[in-house]
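Report on the structure
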Amino acid sequence: MSKVQVDGCYFSFFLCMFAVFAEFSFTCLVGLTNALEQDGFISGFMGFYIKMGEPHLTTAYALMMSYWEGIVHFILFLVIIHRMFSGKSYRSLGLLWAGSSIAHQIVHIPGVVIGKYGSNIRPAFWRNIPFFLAPFWAASLLFSRPREMQIITADKIAAEQKKSLLFRPIDLLLSLLLLGSMAFSVFRGFVVLDCSLDTCFTYIYQYEPYLKDPVGFPRVMMLVYLFYALPLLTVFIYGLKTPGCSWMLDWTIFVAGAMAQTQWCHIGASLHSRTPFTYRVPADKRLPVIALNALLAAAPALLALRCHTNPAYFMKPVPAGQSNSKKKEN
């Protein structure tokens with residue numbers, strides 16, 4: 001491929017990404033406006049649309065989604081667009097947003113359809129479909145782009161990859177944390193599937209009654225964890241045990257964004273005043289419930305941080321003698 005063709009492909013990719021991020025930046029501000037209005041900080045902006053378009057946006061879970069979208073996503077877009085025009089890499093930030101945005105819609109759309117608002121879906125609701133598909137398209141483009149990372153000498157890579165998991169205490173701790181997250185995801189999946197075990201019954205009524213909220217979002221979220229997050233966490237444990245899994249550098253960021261978004265919404269909605277009192281976390285159980293959910297969000301985030309601060313274990317060997325300060329495309 002000639003240099004002109006390469007430059008043309010890069011320019012097309014740049015324009016596509018810029019268009020996506022610019023459009024989503026606008027929707028972030030709409031979401032933030034909705035959250036602020038529903039919580040009483042402003043008024044007179046969203047009433048007509050809520051009534052005639054998407055009445056489910058008044059629920060506690062939707063408000064938490066709107067806050068996340070209007071603050072976290074908007075900041076990410078500003079940073080990404082700045083880096084795009086500065087000629088700096090934005091691939092990792094893009095993957096973080098893609099994971100978060102996909103998690104947003106993969107809970108949002110099915111939650112509305114199967115929840116109590118499913119019988120009152122208006123045509124405006126289906127505008128979410130393009131916003132569901134666009135992050136998948138963006139993620140596929142970002143995953144296909146080359147990754148920038150430091151060149152690390154072959155000796156250092158070999159030394160790191162010779163260590164077993166038992167001699168890497170941070171990785172061992174992360175593996176245990178991932179195992180705990182997997183167990184918790186399986187348990188809550190059984191809970192929302194109406195498991196008859198006494199433990200499940202006790203948990204849903206005494207710890208997280210929000211899981212049976214008829215809005216549908218918590219049930220869909222637990223099933224997403226059971227069928228999607230669980231296999232990914234399993235693969236991450238394999239990546240911590242097996243050297244040279246360079247895909248860990250991308251997928252940990254993607255999953256960290258997804259689980260941070262869903263856990264923020266879940267924790268916030270289970271405590272928010274718009275959730276009926278009977279479905280809120282009991283006051284005397286808030287500390288353990290919030291701690292467990294915070295750890296579930298922290299596990300993939302800490303793993304992504306570990307992978308990017310010291311990536312030698314996950315890299316393929318390079319010729320010895322190269323400088324650590326140089327950059328290469330992996």
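Read on for a plain summary of the structure. (Residues numbered from 1 in each chain as written. Predicted model: local features only at pLDDT ≥ 70, side-chain atom pairs only at ≥ 80, totals over all residues. Heavy atoms only, no water.)

Turning to the pattern of salt bridges, a few remarks are in order. Per the counting criterion, the structure on display carries nine salt bridges. In this structure, Arg 147 and Asp 250 form a salt bridge, with 3.0 Å as the shortest nitrogen-oxygen distance. Of this pair, Arg 147 sits in the loop between α5 (128–144) and β1 (148–150) while Asp 250 sits in helix α10 (residues 248–271), and the two are 103 residues apart along the sequence. Residue Arg 147 is classed as buried on the basis of its relative accessible area of 11%. Overall, the relative accessible area of 5% leaves Asp 250 in the buried class. Lys 163 is the salt-bridge partner of Glu 160, the closest N and O atoms lying 3.5 Å from each other. Here the salt bridges share partners, and the residues they tie into one network are Arg 91, Arg 147 and Asp 250. (Salt bridge = Lys/Arg side-chain N within 4 Å of Asp/Glu carboxyl O. Helix = DSSP H or I, 4+ residues; strand = E, 2+ residues; numbered from the N terminus. Buried < 20%, exposed > 50% of the residue type's maximum accessible area, 1.4 Å probe, protein only.)

The subject of this paragraph is the packing of aromatic side chains. Applying the stated criterion across every chain, the model contains 16 aromatic pairs. Ring geometry for Phe 24 against Phe 77: centres 6.2 Å apart, planes inclined by 55°, an arrangement best described as tilted. Remark: Phe 77 occurs in helix α3 (residues 60–86) and Phe 24 occurs in helix α1 (residues 3–38); sequence separation between them is 53 residues. Taking the relative accessible area as the measure of exposure, Phe 24 reaches 6% and is therefore buried. (Phe/Tyr/Trp six-rings, centres within 6.5 Å; stacked < 30°, edge-to-face > 60°.)

Here we come to α3. Given a rise of 1.5 Å per residue, 27 residues ought to cover 39 Å, and the 38 Å separating the end C-alpha atoms of α3 matches this to within 8%. Bending of α3 peaks at approximately 30° at the position of Glu 69. Looking one or two residues beyond α3, the residue adopting positive phi is Gly 87, at roughly 75°. (Expected span 1.5 Å × (residues − 1). Bend = angle between axes of the 7 residues up to and from the residue.)

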